[in-house]
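A look at the structure
Here's the letter readout for the chains.
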Amino acid sequence: MIEKKLKKYFGYSNFRPLQKEVITHVLSGRDALVVMPTGGGKSLLFQLPALMRDGVTIVISPLISLMKDQVDSLTANGIQATMFNSSIDTQKLRQREVASLHGEYKLIYLAPERLANPHVRTWLGKLNITSFAIDEAHCISQWGHDFRPDYRNLKLFRKDFPQIPIIALTASATASVQSDIIRELELHNHKTFVSSFYRDNLHITVTSKSGANAKILRLIKNCDGESCIVYCFSRKETEELSEFLNVHDIPANAYHAGLSPEDRHEVQDAFVRDEITVVTATVAFGMGIDKPDVRLVIHKTFPKTIEGYYQEIGRAGRDGLPAEVVMLYSAGDKVKLDFFLQQMEDSQRRISEETKIKEVMDYAQSRICRWKWMTAYFGQIGLEDCEQCDVCKSVKDTEDATEIVQKILSCVIKTGNAFGKGHIIKVLRGSREKGILQREHHNLSVHGIAKQYSAQQIGEYFTHLIALGFVAKGTTEYDTYRITARGAEFLNKREIIELPKIKNEIAKASLTKGATIKDKDYDVEIFQKLRELRREIADENGVPAFMVFGDVSLRAMAREMPTTLDEFVCIPGVGSKKLQDYGQQFTRLLSEMR
Ligand code: ADP
């Protein structure tokens, strides 16, 4: 039954991991918190249930542009949806209100600030609401990286509509942010679903920054005109790089906070409509776009936090097709960031930002599988080496690490399972800093027992221990670690452990040659023709190309060459509305190409 609706409305034959479990849970009428990475397919989790029930689902979303994209793509799939936000004039809002009271919508998108208005609450009270979906739910938490005071209005849902189930969704939430969301929204009888942070279609490389522009050019050329984003340090850098790319015949534009809102909008629009292939941007870019077919994300500069980095690289390959992610690393960038930090007056904030930057350094310099490192950072254990990142691809030796692992675990225990990685490292290296002396940690037997290792090296071993599940983060907002049952077992049973040899050097990976993107199992010429047709249709209808069909669908068409409507409906992404709207045009083109 739900599979039928999935094909009819969205054109997909299978669920992605966790989707079916969450949808079945939601349909049982209970609350849910879903933590799923970008591109995991969160929207379907409330859109599909909305179609299975009488009444309307209210969706809270913080960004107008994302709301618009979602409403447009639902409409393209023949689903009645609308939105209420500050970009809509009063008359239209009134019309939509009336239509909603007649039950004309299955989904209504609402900006969180609208809930402060008593009129809006009265209106909501008159609707037949089946559920509330809270997108970007981490915005409700002060511990999250994107706190939005308007999200506090959502407390009203539980108060005004105690019986209506809530589904909260986010792409990143630490344990403390998760408990904050549950508390603030008063989720009850709920279930938390956390899907893996590992995105197996993203191939990560960290490499040195020397010859940056030439490297960037080569990577972009490998993408054959598909979409790329390059994150830069400054406005000036974004402009210089886009000029450099233009000189090499690559349609690129800069995007940064110094542009007027109109100019920014124009760049974003041109990118979404495939008029430019590359955006050179400061981190401000990407929040409001949902482009599924970005094939390459480069960091020409050092990201300031792992959370931000994860979000930025998450903009690549949302359609599940292979994409490249490259960080160009230089110690010089760290110096620039240090300078920036020194200017900060708020010392509390400076320390917190410094810690975050150190984590990024640790990531860049580490010789642990990039995905293993990243998933361990987010508290996920047990990931096998990805075999696709620069570290996995370079030759790895292992060594007996039993002794150092025992020392680290003992130190975690002796300091009371209550400290962060930095403190543990200092104790092991015999530091006599104030923080150590005050707590009398210089008197512990573990003080100074790993002096021969650098802080960086111990840090890497520590990351392995997180990935192995020997230690885990506590649930406070501070990043403290405690030993787990598995870690205790390792010590008690005096197990032996081999780990990859830790070197103390920056990754010197050579760039992958975009092989993953280049391995094409479909006819490239036909694919390009299909892209042209898609672009024409999109321009006629004034929508982004990917809303007509995503690259997954076009590649399948170029591979399978469907020439009848019966064959065409088997292509992923072709539901009944799109079959009706575009089936003829695409099958005609494909018949001509046979
Ligand atoms: P998120 O909100 O988690 O970032 P989206 O809901 O935007 O992810 O989905 C990402 C992409 O995956 C979209 O292009 C969407 O159409 C596609 N998608 C979602 N579910 C499926 C599925 N079951 N099969 C194939 N593609 C899917």
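Residue indices begin from 1 for each chain and proceed along its sequence in written order. Given that this is a predicted model, residues contribute local features only at a pLDDT of at least 70 and side-chain atom pairs are listed and counted only at 80 or more, while totals for whole chains, interfaces and linings are drawn from all residues. Excluding hydrogens and water, the side-chain figures rest on all heavy atoms present in the structure.

This next bit is on the overall build of the protein. A count of helices and strands for the protein gives 27 helices and 17 strands. Over its C-alpha trace the protein gives a radius of gyration of 25 Å, about what one expects of a compact globule, namely 25 Å for 594 residues. Oriented by its inertia axes, the alpha-carbon framework of the protein measures out at about 75 × 60 × 50 Å. Note on classification: 1.4 Å probe, protein chains only; a residue is buried when its accessible area is under 20% of the maximum for its type, exposed when over 50%, partly exposed between these limits. The buried share of the protein, reckoned over its 594 residues, is 56%. A helix here means a DSSP run of H or I that spans at least four residues, while a strand means a run of E at least two residues long, and both kinds are numbered starting from the N terminus. C-alpha atoms define the radius of gyration in this analysis, and the globule rule sets the expected value at 2.2 Å times the number of residues to the power 0.38.

Low pLDDT marks regions whose predicted coordinates should not be analysed in detail. Of the residues in the protein, 95% reach a pLDDT of 70 or more, and the chain-wide mean stands at 88. Counting interchain partners and residues more than four positions distant, the pLDDT-below-50 stretch residues 504–510 has 19 contacts. Within the model, the stretch residues 512–516 combines pLDDT values under 50 with 12 contacts to residues more than four positions away or in other chains. The predictor attaches a confidence to each residue, and that confidence, scored 0 to 100, is pLDDT. Whether two residues are in contact is decided by their heavy atoms: any pair within 4.5 Å suffices.

This part takes up the environment of Gln348. Tracing the sequence through the fold places Gln348 in helix 14 (residues 347–365). For Gln348 and Gly542, which are 194 residues apart along the polypeptide, the C-alpha to C-alpha distance reads 48 Å.

Moving on, we get to the side chain of Asn85. Note on placement: Asn85 falls in the loop between strand 3 (81–84) and helix 5 (90–101). By relative accessible area, Asn85 is classed as buried at 0%. A distance of 2.6 Å separates polar atoms of two side chains, one belonging to Asn85 and the other to Ser87. Sequence-distant contacts of Asn85, that is, excluding residues within four places in its chain, are made with Ile64, Met67, Leu93, Ala111 and Arg114. Side-chain atoms alone can form a polar contact between residues adjacent in sequence; in general such a contact is a pair of N or O atoms within 3.5 Å, and within protein one must be able to donate a hydrogen while the other accepts it.

Attention now moves to the site of the ligand. The criterion for a residue being near a molecule or strand is simple. One of its heavy atoms has to lie within 4 Å of it. Close to the ligand lie 13 residues, the nearest being Tyr12, Asn14, Gly39, Ser43 and Arg318. Interatomic distance of 2.8 Å between a side-chain N/O atom of Lys42 and an oxygen atom of the ligand. Contacts to the ligand include Arg318, whose side-chain N or O atom sits 2.6 Å from an oxygen atom. A 1.4 Å probe and the Shrake-Rupley method give the accessible areas. Residues count as covered only by the protein chains that appear here. When the free accessible area of the ligand is taken as 570 Å², the share hidden by the protein chains comes to 79%. Considering only residue class, the shell around the ligand consists of three nonpolar, seven polar and three charged. Residue classes follow a fixed rule: Ala, Val, Leu, Ile, Met, Phe, Trp, Tyr, Cys and Pro count as nonpolar, while Asp, Glu, Lys and Arg count as charged, and any other residue, Gly among them, counts as polar.

Bringing the packing of aromatic side chains into the picture now. Centres within 6.5 Å are what make two rings of Phe, Tyr or Trp a pair, Trp counting through its six-membered ring; a difference in plane orientation under 30 degrees is then read as stacked, over 60 as edge-to-face, and the rest as tilted. Under the counting rule described, the total for this entry stands at 20 aromatic pairs. With 5.4 Å between their ring centres and 55 degrees between their planes, Phe132 and Phe161 make a pair best called tilted. Taken as a pair, Phe132 in strand 5 (residues 129–134) and Phe161 in the loop between helix 7 (155–160) and strand 6 (166–170) lie far apart in primary sequence, 29 residues in all. As far as the burial class goes, Phe132 and Phe161 line up, both buried. Among the aromatic residues, those joined into a cluster by ring pairs are Phe197, Tyr198, Tyr310 and Trp371. Any Lys NZ or Arg CZ found within 6 Å of a ring centre and within 35 degrees of that ring's normal is scored as a charge over the ring. Lying across the ring of Tyr363, Arg370 places its NZ or CZ 5.4 Å from the centre.

Further remarks concern helix 13 (residues 331–342). Given the number of residues in a helix, its expected span is that number minus one, multiplied by 1.5 Å. The end-to-end C-alpha distance of helix 13, which contains 12 residues, comes to 17 Å, matching closely the 16 Å that a straight helix rising 1.5 Å per residue would cover. If you check which residues of helix 13 are buried, you get Asp333, Lys334, Leu337 and Leu341. Along the axis of helix 13, the buried positions cluster into a sector of 100 degrees, meaning they face one direction only. Turned more than 90 degrees from where helix 13 packs its buried face, Val335, Phe339 and Gln342 sit exposed. Among the structural elements, helix 14 are those in contact with the buried residues of helix 13. The arc in question is the one spanned by the directions pointing from the helix axis to the C-beta atoms.

Nonpolar cores were defined as sets of buried Ala, Val, Leu, Ile, Met, Phe, Trp, Tyr and Cys residues, with membership established by side-chain atoms within 4.5 Å. If you look at the biggest cluster of nonpolar residues, it comprises 75 residues, and the most contacted ones within it are Trp371, Met374 and Phe586. Excluding its chain neighbours within four sequence positions, the residues that come into contact with Phe586 are Leu530, Leu533, Arg534, Ile537, Val548, Phe549, Leu554, Met557 and Phe568.

Okay, the sheet that holds strand 12 (residues 294–299) next. Spatially, six strands are ordered 8-13-12-9-11-10 in an open sheet, and the strand pairing comes out parallel. The open sheet is flanked by strand 8 (202–208) and strand 10 (252–255), the only strands paired with a single partner. Direction aside, the axes of adjacent strands within the sheet are offset by 15 degrees on average. Only strands joined by at least two bridges in the DSSP assignment are considered to pair. Here four bridges tie strand 9 (residues 227–231) to strand 11 (residues 278–281), and the two strands are oriented parallel to one another. Looking at the pairing, Tyr231 lines up with Ala281 of strand 11. Angles here are taken between N-to-C directions and fall from 0 to 180 degrees, while the axes themselves are lines fitted to C-alpha atoms, restricted in helices to the stretch in contact.

For any two helices packed against each other, the geometry comes down to the angle between their axes and how far apart the axes lie. Relative to each other, helix 9 (residues 212–221) and helix 10 (residues 235–247) sit at 55 degrees, their axes nearing to 11 Å. The angle between the axes of helix 9 and helix 10 places the two elements in the oblique class. Judged by the sense of rotation from one axis to the other, the crossing of helix 9 with helix 10 is right-handed. Listed contacts from helix 10 to Asn213, Ile216, Leu217 and Ile220 of helix 9 are Leu241, Phe244 and Leu245. For the contact of helix 9 with helix 10, a count of residues per class yields six nonpolar, one polar and no charged. When describing relative orientation, an angle under 35 degrees is termed roughly parallel and one over 145 degrees roughly antiparallel, while 65 to 115 degrees is termed roughly perpendicular and anything else oblique. Left-handed describes a crossing whose near helix is turned anticlockwise from the far helix by less than a right angle; the clockwise case is right-handed.

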